[in-house]
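Take a look at the letters that make up each chain.
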Amino acid sequence: MWKLFIANVLLIYFIQCKAQSYEDKRCKCICPSIASVLNTTSGDKNVLNFITNVPATKCNCEGVVLPKIGDKIKEKEQIFCPRCDCKYENRNTTIIKIVVIIVIWVISLLVIYMLFLICLEPLLNKRLHKATGGVGYQEHNNEEDDTSVAPGMSHAMGVRGNVLNRVGHQQDKWKRQVREQRRNIYDRHTMLN
Amino acid sequence: MRNYQVHEYDAMEKFPLKGTSTSTSLNKPNSPLTTYNSVDAKKGNGIENSNIDNPSIRSEITSRGISISSDEDMLDVKQQSVSHHPESNQFLERSVRVDDASSHFSADSDDIPGIGQYDDFHTIDWQRDIARDRMHHRYILKKKHDSIWDLIKGAHDAWSGWLCVLFVGLFTGVAAGVIDIGASWMTDLKFGICPQAFWLNKEQCCWSSNETSFDGDNCSQWRTWPEVFSQSKNGAGPYIISYMFYIAWALLFASLSASLVRMFAPYACGSGIPEIKTILSGFIIRGYLGKWTLIIKSVGLILSVSAGLSLGKEGPMVHIACCIGNIFSYLFPKYGKNEAKKREILSAAAAAGVSVAFGAPIGGVLFSLEEVSYYFPLKTLWRSFFCALVAAFVLRSINPFGNKHSVLFYVEYNKPWIFFELIPFIILGIIGGIIGTLFIKANLRWCRYRKSSKLGQYPVTEVLVVTVLTAVIAYPNPYTRMSTSQLIYLLFRKCGVSDTDMLCDYQRNFADVNSVYLLVLAFIFKLIMTIFTFGMKVPCGLFIPSLCLGAIVGRIVGIGMEQLAHQYPHIWMFSEECSTGEDCITPGLYAIVGAAAVLGGVTRMTVSLVVIMFELTGGVRYIVPLMAAAMASKWVGDALGKQGIYDAHIGLNGYPFLDSKDEFQHTTLAADVMQPKRNETLHVLTQDSMTVEDVENLLKETEHNGFPVIVSKESQYLVGFVLRRDLNLALANAKRMLEGINRQSLVIFTSGNNIQTHTHPPLKLKKILDMAPITITDQTPMETVVDMFRKLGLRQMLVTHNGRLLGVITKKDVLRHVKQLDDEDPNSVLFN
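All residue numbers here refer to positions counted from 1 along the written sequence of the relevant chain. As they are written, the chains are lettered A onward and the ligands numbered 1 onward, keeping that order. A pLDDT threshold of at least 70 governs which residues receive local features in this predicted model, and a stricter bar of 80 or more applies before side-chain atom pairs are shown or counted, although totals over entire chains, interfaces and linings include all residues. The basis for every side-chain value is the complete set of heavy atoms in the structure, and neither hydrogens nor water enter the calculation.

Participant: I'd like a description of the pairing of strand β6 (residues 706–710) of chain B, backed by residues and values.
Facilitator: Residues and elements named next belong to chain B. When accessible area is computed with a 1.4 Å probe and restricted to protein chains, residues below 20% of their type maximum are described as buried, those above 50% as exposed, and intermediate ones as partly exposed. Every helix listed is a DSSP run of H or I at least four residues long, and every strand listed is a run of E at least two residues long, numbered separately from the N terminus. Taken across its 5 residues, β6 has 5 buried, putting it largely inside the fold. Residues Gly706, Pro708 and Ile710 point to one face of β6 and Phe707 and Val709 to the other, with burial holding for every one of them. In this structure, strand β4 (residues 685–686) lies alongside β6, joined through 2 bridges in parallel fashion. Each residue of the ladder has a partner; that of Leu685, found in β6, is Val709. Sheet analysis places β6 next to strand β7 (residues 718–723), joined by 5 bridges and oriented antiparallel. Residue pairing in the sheet places Phe707 in a bridge with Val722 of β7. Strands qualify as paired when DSSP identifies two bridges or more between them.

Participant: Kindly report on the pattern of salt bridges, identifying the contributing residues and their values.
Facilitator: Salt bridges are identified by distance alone: a Lys or Arg side-chain nitrogen within 4 Å of an Asp or Glu carboxyl oxygen. Counted under the stated rule, the structure contains 23 salt bridges over all chains. Across the salt bridge formed by A:Glu121 and A:Lys175, the nearest N and O atoms sit 2.8 Å from each other. Placement of the pair is A:Glu121 in helix α6 (residues 93–132) and A:Lys175 in helix α9 (residues 163–187), with a sequence separation of 54 residues. In this pair, the class of A:Glu121 matches that of A:Lys175, namely buried. Linking B:Lys277 and B:Glu371 is a salt bridge whose minimum nitrogen-to-oxygen distance equals 3.5 Å. Here B:Lys277, found in helix α12 (residues 273–280), pairs with B:Glu371, found in helix α17 (residues 361–372); they are 94 residues apart in sequence, far enough to count as distant. We classify B:Lys277 as buried; its relative accessible area is 1%. One connected set of salt bridges, linked through shared partners, spans B:Asp133, B:Lys341, B:Glu344 and B:Arg383.

Participant: Lay out the side chain of B:Lys297 in plain terms, naming residues and giving numbers.
Facilitator: Residues and elements named next belong to chain B. Within the secondary structure, Lys297 sits in helix α13 (residues 291–306). Within the buried set, Lys297 has no salt-bridge partner at all; the shortest N-O distance to an opposite charge, 6.8 Å, is to Glu275. Residues adjacent in sequence count toward polar contacts only when both atoms are side-chain atoms; beyond that, a polar contact is any pair of N or O atoms within 3.5 Å, and within protein one must be able to donate a hydrogen and the other to accept it. At 2.9 Å, the side chain of Lys297 forms a polar contact with the backbone oxygen of Gly270. Residues count as neighbours in contact if any of their non-hydrogen atoms are within 4.5 Å of one another. Other than its neighbours up to four places away in sequence, Lys297 contacts Ala268, Cys269, Gly270, Ser271, Gly272, Trp292, Pro316, His319, Ile320 and Pro539. Two residue types count as positive, namely Lys and Arg, and two as negative, namely Asp and Glu; His and chain ends fall outside the count.

Participant: Please set out helix α26 (residues 607–617) of chain B residue by residue, giving values where relevant.
Facilitator: For α26(B), the buried fraction is high: 9 of the 11 residues fall into the buried class. Within the sequence span of α26(B), burial applies to B:Ser608, B:Leu609, B:Val610, B:Val611, B:Ile612, B:Met613, B:Glu615, B:Leu616 and B:Thr617.

Participant: Account for the UniProt feature "domain: CBS" (unreviewed entry) in chain B, naming residues and giving values.
Facilitator: All names here are of chain B. According to UniProt, the feature "domain: CBS" (unreviewed entry) maps to residues 674–737 and 769–824 in the numbering used here. Secondary structure over residues 674–737 splits into 38% helix and 23% strand, and the C-alpha atoms at its two ends are 38 Å apart. Along residues 769–824 the backbone is 39% helical and 29% strand, and the end-to-end C-alpha distance reaches 36 Å. UniProt positions are given in the numbering used here, feature names are shortened, and annotations may be inferred rather than shown by experiment.

Participant: Residue-level account of the nonpolar core, with values.
Facilitator: Think of a nonpolar core as a cluster: buried Ala, Val, Leu, Ile, Met, Phe, Trp, Tyr and Cys residues, connected wherever their side-chain atoms sit within 4.5 Å. Counting 203 residues, the largest nonpolar core has A:Met191, B:Phe264, B:Phe358, B:Phe492, B:Met613 and B:Ile809 as the members making the most contacts within it. Per element, the largest residue contribution to this core is 13 residues, and it comes from helix α11 (residues 236–264) of chain B. A:Met191 has contacts with A:Asn184, A:Ile185, B:Phe121, B:Tyr267, B:Ile285, B:Asn653, B:Tyr655 and B:Leu830, leaving out every residue within four places of it along the chain. Counting 25 residues, the second largest nonpolar core, distinct from the first, contains B:Val695, B:Phe707, B:Tyr717 and B:Val719.

Participant: Explain a nonpolar patch on the surface residue by residue, including any values.
Facilitator: Residues and elements named next belong to chain B. A patch is a set of surface residues, each over 30% in relative accessible area and not in a salt bridge, joined within 9 Å for like charges and within 5 Å for the nonpolar side chains Val, Leu, Ile, Met, Phe, Trp and Tyr. For accessible areas, the Shrake-Rupley method is used with a probe of radius 1.4 Å. Any residue's cover is judged against the shown protein chains and nothing else. Side chains of Ile426, Ile430, Ile434, Leu438 and Leu640 sit close together on the surface and give an oily, nonpolar patch of about 410 Å² of accessible area. No other element matches the 4 residues that helix α19 (residues 422–452) contributes to the nonpolar patch. Within the secondary structure layout, Leu438 lies in helix α19. Leu438 sits in the exposed class, given a relative accessible area of 52%.

Participant: For the environment of B:Ala254, give the residues involved together with the corresponding values.
Facilitator: Residues and elements named next belong to chain B. Relative to the helices and strands, Ala254 resides in helix α11. Given a relative accessible area of 0%, Ala254 falls into the buried group. Placed 212 residues apart in sequence, Ala254 and Val466 show a C-alpha to C-alpha distance of 9.5 Å. Excluding residues that lie within four positions of it along the chain, Ala254 makes contacts with Ala307, Val463 and Thr467.

Participant: Report on the packing of α19(B) against helix α23 (residues 514–533) of chain B, specifying residues and quantitative values.
Facilitator: Residues and elements named next belong to chain B. At a minimum axis distance of 8 Å, the contact between α19 and α23 shows a crossing angle of 40°. Taken together, the axis directions place α19 and α23 in an arrangement best described as oblique. Mapping the contact onto sequence places Ile435, Phe439, Ala442, Asn443, Trp446 and Arg450 in α19 and Phe523, Leu527, Thr530, Ile531 and Phe532 in α23. To obtain each axis, a line is fitted to C-alpha atoms, and for helices this fit is confined to the stretch in contact; angles are then taken between N-to-C directions over 0 to 180 degrees. Reported orientations rely on four angle classes, namely roughly parallel under 35 degrees, roughly antiparallel over 145, roughly perpendicular from 65 to 115, and oblique for the rest.

Participant: Any chance you could break down the packing of aromatic side chains for me, citing the residues and the numbers?
Facilitator: Here is the rule: rings of Phe, Tyr and Trp (six-membered ring for Trp) pair when centre to centre is within 6.5 Å. Planes less than 30 degrees apart are stacked, more than 60 are edge-to-face, and the remainder are tilted. One pass over the structure, following the stated rule, counts 30 aromatic pairs over all chains. Ring centres of A:Tyr113 and A:Trp174 lie 6.4 Å apart, and the angle between their planes is 15°; on these two criteria the pair is classed as stacked. Of this pair, A:Tyr113 sits in helix α6 while A:Trp174 is found in helix α9, placing the two residues 61 residues apart along the sequence. Taking the relative accessible area as the measure of exposure, A:Trp174 reaches 12% and is therefore buried. Judged by centre distance (5.6 Å) and plane angle (50°), the ring pair of B:Phe191 and B:Tyr246 falls under tilted. With B:Phe191 in the loop between α8 (148–189) and β1 (192–193) and B:Tyr246 in helix α11, this pair connects stretches of sequence that are 55 residues apart.

Listed below in structure tokens is the structure:
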């Protein structure tokens, strides 16, 4: 299951790799509005926000803000610039993309499996029980005893059986554990209240 | 042979100082027999009975507290012990046993499968497990000189602990990164989507938008849901559409989280810290730290955080880290197969969990030490340190928030504080203590109600109802609409040029107190919703909500102080510091202190809390305010209600946790607590006169988890203690493996040399016998007994009277006794 899904992730990654248009580096400067600094009553009161892609050493008011609005503030650079806040930041969009896709995958797999367990499995089990009668139940019981006495044994037995059986055994064991957990928490309220 | 070592080491464990000579003397096999390795060292040279019985006697003596340094002393004491008990033949019995032990050297040393493991909901025997590890270690050291391969194996054994915590740190960092990124993306999914790159959240989507004018709210790349559908942005219609989408997404996420938890891993619900605490104190909960719990807890955590519920991901992160620790410990049999050793890895993992949750490695180590760990030797401290370091490093390289820090609400402060401000800080501490206690009481009452009433039968419905309520009430208020972490960030931050938020608006126009009013509403809402949320059947932690509560209170107090300084800059308490200009009071700092105070009031942490907070803010100069607030909050909290939230939940669930913080203040004696009570019989095994059938009948008729072994029913002299599980396994194993064992065979716990030949070969079970059980007399005060249970991590202890076996005290008896004396229901202890 894991391999399949990692392969899928990689596939999606390679397909979408070229579509990437988001940069991973930026220099962001935030300055107060020109009006508030120059004491002019007119003009908007919005904060100014500059984002450019310059090297880290040039990430300051002189390198980013002045080229853009230098003509508006004219000789007032000494007052305006100290109030600007410049930060050089970087990020990794590739990691974000991979992680989000993995999360979506895991959630959808879990939901599909959950729906399978809720809807389809009771139907399958019913058919199986009709076909084999009580024998299947008997075997199931024996297996349970074995595992509870010697934890190492189930594995040894499983190697001899085919893979499908082994997965089935593991799944049965896991289901029993979950049922037990559910009983502890939701029915008897002995834990995790 | 093994057995022999076990009980020798048991004695050694009680005096760890004496064990320090182990490794040095091992290297010279012919060293004089003054150290504990003497038996092993001599093994290669043949067996000398006279030498061998020394350590055994020494173990008997050292357990009485006399330290011996050489063989001569030992012989003296031997004389004494004979003269001290002239009326009994105990010493003779002992020397018989020692002779028996010598003949065990040839016995096969491979274990019966399953010995040393524990059943679900049992407590572990720390002493026994640590002794087993010493034995294993000794074996590895001895083999080391045999071949290169053994040398490599020895080296691997030596560094496996470090390797294991390295892996745990790496994977914890990755898991935290995945959860952080996933949760922040899904949280923003409630508001809109980034159509060009759907995997980016709002902040990342607008990251490189180059818009000169900035209204602080939206960028063109990010589309809110009404924009996606109807192209409009403002007005009543889009507001309702946004509202609907917000509720719908919240419901979807919450229902997914609740049903995934219910379907796949019910153990993934809740915060997990009370259970981790119990597990670390030596309790077994099978499956609590398993693979499915890990997956479901991570996914469920992402979902429930994104649903906008009033919960945090920090507490469950500790659980997730412990799951990772448990899974990786199975790669190293030294840790995977030894429950006591495994707990060392789990302690380190808990440290890594907090380390990634707050980006505070040192705080994590201290949290593990102060709050969750039970047994914390220095070695574990260093490993925790390393593990927390690796985890924090990995998370920081993933850089989940794009701010070069591992938490969203990292703030950097460098403003000085005035001495007078200590008073508001202490007041904040007091408020924090009150809020914390209030929260604990209300939450416990609600949880108790949920446990006992019909409400507990509808876990998923409960989650859905709480989610709808949360979403409907939260949306109109902008402070509750945003995620709790963002709100904390906003409250912690100081107002600068870049802030367009209402919070920083009051300076310009104080007539508009809208933001404070909204904050008060947000506080009431968060407090009430958190009370109902914590304990629901989804993964939920409570660090973030309590930090948020405190930050709101702190910010309000800070705003008040700032206004005071602004209006009256010259009064004495600001001592000239505010007279020069503005900005002498930082409301953000008050928010930080308040957050620490409430978190301290809820969890009753002190040292780790302060360190976590100062690692969050990166300002060493705020340690004193934080300490003052944490201390005040702890005092007030402890005065109002004695337990922190985790201890209260341990008590609510009845986990068998012997708190080392509590003192036992009653005057009962061991005889009052011990089993059997009057008119009941003590079920025992005799060392060489019971048949397999007798033993099987005893196992069938009783439910005790262990049986004392005595010399004979008449004499009642104690030989040792055998666990029920081991006995069962050994009997089953003998029936399968050994020929000629039937129901009439004798079961003997001696080596059986002096037993006359019988028609059936006897079943020798000396291997599973613990020959060094802790014994006390019946007049021992319970104070001492409880102390021994706590400090030695015992599972049971035998009570003697005049040297004869009288009864057994188990951890369960002690816990029930404590509960009984505290006027609580003794049957609520969860125990098998």
